[in-house]
Amino acid sequence: MRALLSVSDKTGLVELGRGLAERNVELVSTGGTARALRDAGLEVRGISEVTGFPEMMDGRVKTLHPAVHGAILARRHRPDDLSALAHHGIQPIDLVVVNLYPFASAATRPDTSFDELIEQIDIGGPSMVRAAAKNFRDVLVLVDPADYGRVLQALDDPGRLDQRFRFDLARKAFAHTAEYDGTIAAALAAVGVDDARFTRTALTFDGLAPDHLALSGRKLQDLRYGENPHQQAALYGVEPAWGFGAAQVVQGKALSFTNLLDLDAAARLALEFASPAAVVIKHTNPCGAATAETLRDAYVTAREVDPLSAFGGIVGLNRPLDADTAEAIASTFIEAVVAPGAAAEARAVLAAKKNLRLVLADFGPLTGAGAERREVRSILGGLLVQERDRVTEAEAEWRDGAEIAPGTRLRVATRRAPTAQEWAALRFAWRVCAHVKSNTILFAHADRAAAVGAGQMSRVDAVKVATLKADSLTGTVAASDAFFPFRDGIDAIAAAGATAVVQPGGSRRDEEVIAAADEHGLAMVFAGRRHFRH
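Quick notes on the rules
Residues numbered from 1 in each chain as written. Predicted model: local features only at pLDDT ≥ 70, side-chain atom pairs only at ≥ 80, totals over all residues. Heavy atoms only, no water. Helix = DSSP H or I, 4+ residues; strand = E, 2+ residues; numbered from the N terminus. Buried < 20%, exposed > 50% of the residue type's maximum accessible area, 1.4 Å probe, protein only. Contact = heavy atoms within 4.5 Å. Areas by Shrake-Rupley, 256 points an atom, 1.4 Å probe, with all protein chains shown as cover. Lys, Arg positive; Asp, Glu negative; His and termini not counted. Charge placed at Lys NZ, Arg CZ, Asp CG, Glu CD. Polar contact = N/O pair within 3.5 Å; in protein donor to acceptor, adjacent residues only side chain to side chain. Pairing = 2+ DSSP bridges. Axes fitted to C-alpha atoms, helices over the stretch in contact; angles between N-to-C directions. Parallel < 35°, antiparallel > 145°, perpendicular 65-115°, else oblique. Nonpolar A, V, L, I, M, F, W, Y, C, P; charged D, E, K, R; others polar. Arc of directions from axis to C-beta. Right-handed = clockwise from strand over helix to strand, strands pointing away. Disulfide = S-S within 2.5 Å. Patch = residues over 30% accessible without salt bridge, like charges linked within 9 Å, V, L, I, M, F, W, Y side chains within 5 Å. Salt bridge = Lys/Arg side-chain N within 4 Å of Asp/Glu carboxyl O.

Concerning the overall build of the chain
Assigned secondary structure in the chain consists of 20 helices and 25 strands. Oriented by its inertia axes, the alpha-carbon framework of the chain measures out at about 95 × 60 × 40 Å. The buried share of the chain, taken over its 534 residues, is 49%. For the chain, the proportion of contacts with a sequence separation of at least 24, taken over those separated by at least 6, is 57%. For the chain, the exposed surface amounts to about 25,600 Å²; the carbon and sulfur share of it is 51%. Each charge sign in the chain was given a centre, from 60 positive and 67 negative side chains, and these centres are 3 Å apart.

Structural notes on the side chain of Glu179
Mapping Glu179 onto the fold places it in helix 10 (residues 163-188). Here Arg218 takes part through its side chain, which lies 3.5 Å from a polar atom of the side chain of Glu179. Setting aside residues up to four positions removed in sequence, Glu179 forms contacts with Ser216, Arg218 and Glu239.

A short note on the environment of Ser472
Assignment of secondary structure puts Ser472 in the loop between helix 18 (459-468) and strand 23 (477-480). Between the C-alpha atoms of Ser472 and Ala496, which are 24 residues apart in sequence, the distance is 7.8 Å. For Ser472, the side chain forms a polar contact with the main-chain nitrogen of Thr474, separated by 3.3 Å.

Let's talk about the sheet that holds strand 12 (residues 285-291)
Taken in spatial order, the six strands line up as 10-15-14-13-11-12 in an open sheet, and their pairing is mixed. Each edge of the open sheet is held by one strand with a lone partner, namely strand 10 (248-251) and strand 12. Each strand of the sheet is rotated relative to its neighbour by a mean of 20°, with strand direction disregarded. Bridge count for strand 13 (residues 313-317) against strand 14 (residues 334-339) is four bridges, and the pairing is parallel. Along strand 14, the bridge assignment pairs Ile314 with Ala336. Along the sheet, helix 12 (residues 257-270) makes contact with strand 11 (277-282), strand 12, strand 13, strand 14 and strand 15 (357-360), crossing strand 11 at roughly 150°.

Some thoughts on the packing of helix 4 (residues 66-73) against helix 8 (residues 124-134)
Axis separation between helix 4 and helix 8 bottoms out at 8 Å; the angle between their running directions is 25°. One finds that helix 4 runs roughly parallel with respect to helix 8. Of the residues in helix 8, those touching helix 4 at Val68, His69, Ile72 and Leu73 are Ser127, Met128, Ala131, Ala132 and Lys134. Taken together, the residues of the contact of helix 4 with helix 8 break down into six nonpolar, two polar and one charged.

Some remarks on helix 1 (residues 13-22)
Residues Leu13, Leu16, Gly17, Gly19 and Leu20 constitute the buried set of helix 1. Within helix 1, the buried residues cover an arc of 165° as seen down the axis, which keeps them to one side. Exposed and facing more than 90 degrees away from the buried side of helix 1 are Glu15 and Glu22. Against strand 1 (2-7), strand 2 (26-29), helix 2 (31-39), strand 4 (95-99) and helix 9 (148-156) lie the buried residues of helix 1.

What about the pairing of strand 13?
The two faces of the sheet receive side chains in turn, since in a regular strand these alternate between them. Most of strand 13 sits inside the fold, with five of its five residues counted as buried. Residues of strand 13 alternate between two faces, with Gly313, Val315 and Leu317 on one and Ile314 and Gly316 on the opposite face, all of them buried. Pairing analysis gives four bridges linking strand 11 to strand 13, with the strands arranged antiparallel. Among the inter-strand pairings, Ala278 is bridged to a residue of strand 13, identified as Leu317. The β-α-β motif built from strand 13, the intervening helix 15 (residues 323-330) and the parallel element strand 14 has right-handed crossover chirality.

Looking at the state of the cysteines
A full pass over the atoms with the stated rule returns zero disulfides. Take Cys287: it sits in no disulfide, and the sulfur closest to it among the cysteines is that of Cys433, at 16 Å.

Focus: a nonpolar patch on the surface
Among the surface-exposed residues, Leu213, Leu215, Val376 and Leu383 lie close enough to one another that they form a single nonpolar patch of about 320 Å² accessible area. Note on placement: Leu213 falls in the loop between helix 11 (205-208) and strand 8 (218-222). Given a relative accessible area of 31%, Leu213 falls into the partly exposed group.

With respect to the environment of Arg137
Topologically, Arg137 is positioned in the loop between helix 8 and strand 5 (140-142). With relative accessibility at 56%, the residue Arg137 sits in the exposed group. Along the sequence, Arg137 and Gln163 sit 26 residues apart, while their C-alpha atoms lie 6.4 Å from each other. Sequence-distant contacts of Arg137, that is, excluding residues within four places in its chain, are made with Gln163 and Arg166.

Focus on the pattern of salt bridges
A side chain with one charge may pair with a side chain of the opposite charge, provided their charged atoms come close. Applying the stated criterion to the full structure yields 28 salt bridges. Across the pair Asp264 and Arg268 runs a salt bridge, and its minimum N-O distance is 2.7 Å. On the criterion of helical spacing, the pair formed by Asp264 and Arg268 is a turn pair, its members being four residues apart in helix 12. Assessed through its relative accessible area of 27%, Arg268 is described here as partly exposed.

Here's what the structure looks like:
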């Protein structure tokens, strides 16, 4: 039996090499893989001895040769294939161990030049993997170090090397090359070309939504169930791993599909704020959100916005969880918490809540300009792709005439301008409003939500829902995720007790709506940007 080994990730390589040698498997290898095996005292035949040609062009050409691919692709049950091997003096290869150049890690480093990126595109590796996977009935293919041990065990018991075992490895191999090619396609979409100069740039929408969309993900785990117990579900991660694809579940029951949707909604909203912030999510909508000097105060304030709805909710934090905040969370029935980290003391506090899930995740790329800007959703028979919505216009302090995006400025539309306190509250409300299912009307103070009217068919109904959630909304401000088509929404907001409102503007009846606000003495700001969330 003969094995060809050529790996970039050398995890477990020496152990595998020793295991194969102990089973009288001849080792053939290339470049750095061969050196690593020889340094461990193993006898290795260099690829150049097999092909009769030296590795050339800085390693670009080493395995692209009939002596390699003929040895892999020969069908053992075909006399003509075996005759061809014998005629050309080629020995069969029975096991191919390959993983590919670290293109994904190179692509995530901003200092990687375009030329360096190109050199990380593996050619021979994918060719060998695909050849071995195609001929899986006769050739074992290994692309994941996690499989090394079970293959060695199977070699000791040939009965285990059945077609099911081999085909499972082949499917994994094809998934590996598909993921690799998808990563390359996505990275090259972010390359600009100017007079034959290639420059790595932030993704344009053409890069986010290319003519051919390559998507790949690695299954991280099966979930307890989907949106309902009768639906199967699984979580997949993307490369490079980040966010929930690299999260650590510290404790609690297994996560469900809906848990992850709620955790995602919680993280997105919490990360809108620079100061300590906490949000409470129920069915992907915030029922509470607040900022404060401390994380504990932010959580308690957010919870008290709608304590009834907070029961059984999901908590999102934008700071590592501390013991004081953990104590406050533990005093409420909460399903799950997501935070960028957690102190040992905080973990000890929540450990008493055996079913509460504590999820630690790094969402650093949310602030970057890369593939994470793309969002993909499925519809029957198709995929929808869009750029991720961020409320970037609320990152700086607001004032009349402030440019919040290129060509877009805040505009006070009414006779009365907001007070300083109202400006702060409007900016807070606008940030939270963007994370509520549309149509929505959200009432807020400068540091917390006051009431949330989410997901209604009309804005008047959204106001009615919000008023049911609060004893009094006097002195609050309101935010609407889209323009008011009629004045009735403004009338309802004024009746609820709000003193100012922010909305995108742009309705054919804007003048009617402005007049209504003036009648009620409201200050109204046009943001010039809509934030629907469907």
